[in-house]
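Secondary and tertiary structure notes
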Amino acid sequence: MDIRPPPYRNGHPLHPERELKYKRWQDRFGNVQPVVPPSSESVRDVLARCRTVWRSDILPDLCEGKNVLVIAHGNSIRGMMQAIDGFNETLLADLEVPPCIPLVYRFERHPTAHLVSIQPECAVGVPAALRCEFLAEERELQRAQERTRRVSLQRYGLGPSTDIVVQRGYLPGLETNAASICASIGADFEWDGAVAETTPSDDVEISAAPYFAHDRGGGLPGLEANAAGKWSRLARLAGRERSASTPAAICSAPAIAQRTPMVVIIRHGKTEHNKLGLFTGWEDASLAPEGRKEATEAGQLLAAHGFSFDVVYTSWLSRAIETAWLVLAEIDCLWTPIHKSWRLNERMYGALTGLSKKRTRAQYGEKQFKLWRRSFDTAPPRVDSFSPHYPGNDQRYVQNVLDVRISLKETLVRSLAMGRLCIHRKLPRSESLKDCMERTIPYYVDVIEPAAIKAGKSVLISSSENAIRGLFMHLLSIPPERIAEIEIPNGLPMVYDVVEKRLRLLEGDPSQHNFGKGAELLFGRMRPDGSAHF
């Protein structure tokens, strides 16, 4: 409980103090409060910080009636369980928390306390002192716990050793990936910059000891398939082979570069609706394979230019959220806070939602089609109150949109239909481009600017085409009558300079992408060679 492992030495390349996530840690209110990570921790240290998170962050949410999802690690989940149940710490050693099996606590209000956990009627795989249950069949849970116990024993040299097969040789980011793995196996590593590449067809068999130094037990026993996945990102660390007696492999992490605040705006990757030419609006269409590829490549481009972010803003639509995730994964910033708002949603297309644009043009004529799609202040036909496309029938919006006024008409209609009073807010049944911008621009001005940009934070905004049009109309002073001339390509990061108040691309010229007839409104007048002239 109380013995800490040997601490990192000062300046060690793998010390967590070098990582941005700790330098830019933000509390639940968005205030940046850098933390000094420990050089080593005992189990009791972990329990103490988990109790703090339980009291300061999780318990207040539960008291507000929210359901909470916690995704963490073996020791931190044990610490959370002790904070909730208050059981004796001697129980911790025998408490196995297998990966990816949900562990559920249910709470009720008590007259003498804020919340009390409820004892489940039939909980398997947990000691009687715990008021929780695993969501798994008994045999499945027992197998998972036994597998977790076996892997734990192997980790400490009490199981058979395993050789690792590295597929397809060297990958970019070698030194960082190697550093992470070295930390996980307890070896001291330094990097000398030497890398021997292998051809894509090579399968390089690497025995842990000859190539990557001993751990402190004299070998690297028991690495299973999940570790092999990490090792597969490594090739030989140097052009010469290393002997089993080599005391340490050569590997260190690069220093973190300082950055200036910026705003990067990206439209989500393509969806199947985009490919089929459908009006999507608030319909929650997920990314197509091409869209995931676009988002991943956008992240790789940002990584190549040294970008990282302090905060992300996105809509409630999964295509924008997934795009943000894929971008953050490529720049190793998945820890970055993500703020989601319905005000960054795509324009609500009303009765056109889900319809083919080509068929709509043929049915209603080119003039009416353009009026609905491209005019600034003409909304498409509205959906009725009980349409599946109306956000008032989606519990996400009914329960969580609290920043719009009550609709007396919708309240009356729904109360009569339900036979009881149903308070309903004024959610859009259709939107013009103007309506969309009247919710998007104020969100940028009232939320993003004061909370992030004026605080000097670097910002990523992942959203949809019409919401981004609204942002550009505000940021670049584009006339309303011309905003519909602008097209926004999928999955292309665009950098807005908050000082010079202009937009730029990371690579290439605007002429290489489809920005529509109004490209000069975004990038200035275009030169004959396709570059922008401001």
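Here's a quick rundown of the structure. (Residues numbered from 1 in each chain as written. Predicted model: local features only at pLDDT ≥ 70, side-chain atom pairs only at ≥ 80, totals over all residues. Heavy atoms only, no water.)

1. Quick notes on the pairing of strand S10 (residues 459–463)
Quick note on the threshold: Three exposure classes are used, based on accessible area relative to the maximum for each residue type with a 1.4 Å probe and protein chains only: buried under 20%, partly exposed in between, and exposed over 50%. Every helix listed is a DSSP run of H or I at least four residues long, and every strand listed is a run of E at least two residues long, numbered separately from the N terminus. In this description, strands pair whenever DSSP reports at least two bridges between them.
In terms of burial, S10 is largely enclosed, as five of its five residues are buried. Neither face of S10 is left uncovered, since the one carrying Val459, Ile461 and Ser463 and the one carrying Leu460 and Ser462 both have all their residues buried. Bridging between strand S7 (residues 263–267) and S10 involves five bridges; their strand directions are parallel. In the sheet register, Val263 faces S10, and the bridge partner there is Val459. Sheet topology places strand S8 (residues 311–314) next to S10; four bridges connect them, and they run parallel. Each bridged residue has a counterpart across the sheet, and for Tyr313 the counterpart in S10 is Ile461.

2. Brief notes about the packing of aromatic side chains
Each aromatic ring pair is described using two quantities: the centre-to-centre distance and the angle formed by the ring planes. What counts is decided by this rule: Between rings of Phe, Tyr and Trp, where Trp is taken as its six-membered ring, a pair exists when centres lie within 6.5 Å; planes separated by under 30 degrees are stacked, by over 60 edge-to-face, and by other angles tilted. Our definition puts a charge over a ring when NZ of Lys or CZ of Arg is within 6 Å of the ring centre and also within 35 degrees of the ring normal.
What the rule picks out here adds up to 11 aromatic pairs. When the centroid spacing of 5.0 Å and the interplanar angle of 55 degrees are considered together, the rings of Phe279 and Tyr349 count as tilted. Taken as a pair, Phe279 in the loop between helix H8 (272–276) and helix H9 (289–304) and Tyr349 in the loop between strand S9 (338–340) and helix H11 (357–364) lie far apart in primary sequence, 70 residues in all. For the pair Phe279 and Tyr349, a shared accessibility class is recorded, and that class is buried. Within the aromatic cluster, the residues linked to one another by ring pairs are Trp282, Trp316, Trp342 and Tyr397. A cation over a ring is seen here: Lys357 above Phe279, with NZ or CZ 5.7 Å from the ring centre. Note that Arg414 overlies the ring of Phe386, its terminal NZ or CZ placed 5.3 Å from the centroid.

3. With respect to a nonpolar patch on the surface
Applied cut-off: Patch membership is restricted to residues that have no salt bridge and whose relative accessible area is over 30%. Joining uses 9 Å for like charges and 5 Å for the nonpolar side chains Val, Leu, Ile, Met, Phe, Trp and Tyr. Using the Shrake-Rupley algorithm and a 1.4 Å probe, accessible areas are obtained, with residue cover drawn only from the displayed protein chains. Salt bridges, as used here, are contacts in which a Lys or Arg side-chain nitrogen is within 4 Å of a carboxyl oxygen on Asp or Glu.
A cluster of nonpolar side chains, namely Ile406, Leu408, Leu421 and Ile423, defines an oily patch on the protein surface of about 450 Å² accessible area. On the secondary structure map, Leu421 appears in the loop between helix H14 (408–418) and helix H15 (433–453).

4. Considerations on a positive patch on the surface
To be explicit about the condition: Counting rule for charge: Lys and Arg are taken as positive, Asp and Glu as negative, and neither His nor the chain ends is counted. For this purpose, a charge sits on NZ of Lys, CZ of Arg, CG of Asp or CD of Glu.
On the surface, Arg139, Arg143, Arg147 and Arg150 cluster together into a positively charged patch. In this structure, Arg147 sits in helix H4 (residues 138–155). On the basis of relative accessibility, which here comes to 43%, the residue Arg147 falls in the partly exposed class.

5. Some thoughts on the side chain of Arg78
Put simply, the rule reads: Only heavy atoms enter the contact rule, under which two residues are in contact if any of them lie within 4.5 Å.
Inspection of the secondary structure assignment puts Arg78 in helix H3 (residues 74–85). You can call Arg78 buried: its relative accessible area is 16%. Sequence-distant contacts of Arg78, that is, excluding residues within four places in its chain, are made with Leu47, Phe87, Leu92, Leu95, Glu96 and Val97.

6. Observations concerning the sheet that holds strand S12 (residues 502–505)
So the rule is basically this: To obtain each axis, a line is fitted to C-alpha atoms, and for helices this fit is confined to the stretch in contact; angles are then taken between N-to-C directions over 0 to 180 degrees.
The sheet built from six strands is open, its strands ordered S9-S8-S10-S7-S11-S12 with mixed pairing. Both outer strands of the open sheet, S9 and S12, are each paired with one neighbouring strand and no more. Neighbour to neighbour, the strand axes of the sheet diverge by 25 degrees on average, direction disregarded. With three bridges connecting them, S8 and S9 associate as parallel partners.

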